[in-house]
Amino acid sequence: HAYRKFGNVVEAEKIFRKLLEKDVGDVTALLGIGACLQERGLHTKAFLVYQTGLSWSRDLRLLNKAAYAALRIKKFRQAEAYFLEAT
């Protein structure tokens, strides 16, 4: 998280991906990858990362991030569905 907060999102993403390789169920690593992608303006890729996580976990943090990413890429129905599920 420190790499990302200080602007080195590429290095942060690499570390989050390594964490995810060690534990494919690591929601925090998945959220970190998504955040890095969004900071780089890659909202579609971030949305796909969040959707992948939602296929095996209905974590509220994933639902929230997926909903906001969906808004950014104008997938309004999916955003609405994720927001409704989160509430």
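About the criteria used
Residues numbered from 1 in each chain as written. Predicted model: local features only at pLDDT ≥ 70, side-chain atom pairs only at ≥ 80, totals over all residues. Heavy atoms only, no water. Salt bridge = Lys/Arg side-chain N within 4 Å of Asp/Glu carboxyl O. Helix = DSSP H or I, 4+ residues; strand = E, 2+ residues; numbered from the N terminus. Buried < 20%, exposed > 50% of the residue type's maximum accessible area, 1.4 Å probe, protein only. Core = buried A, V, L, I, M, F, W, Y, C linked by side-chain atoms within 4.5 Å. Contact = heavy atoms within 4.5 Å.

> How would you sum up the pattern of salt bridges? Please name residues and give values.
Scanning all chains against the criterion turns up 5 salt bridges. The partner of Arg4 in a salt bridge is Glu39, with the nearest N and O atoms 2.4 Å apart. With Arg4 in helix H1 (residues 2–5) and Glu39 in helix H3 (residues 27–39), the pair connects residues that are 35 residues apart, well separated along the chain. The exposure class assigned to Glu39 is partly exposed, which follows from its relative accessible area of 45%. Glu85 is paired through a salt bridge with Arg58; the nearest N and O atoms lie 2.6 Å apart. With Glu85 in helix H6 (residues 76–86) and Arg58 in the loop between helix H4 (43–54) and helix H5 (60–72), this pair connects stretches of sequence that are 27 residues apart. A relative accessible area of 38% places Glu85 in the partly exposed class.

> A description of the nonpolar core should follow, citing residues and the corresponding values.
Core analysis: the biggest nonpolar cluster contains 25 residues, and Ile33, Phe47, Tyr50, Leu54, Leu62 and Tyr82 have the highest contact counts within it. Counting only elements with at least two residues in this core, the list comes to helix H2 (9–22), H3, H4, H5 and H6. Excluding its chain neighbours within four sequence positions, the residues that come into contact with Tyr82 are Phe47, Gln51, Leu54, Arg58, Leu63, Ala66 and Ala67.

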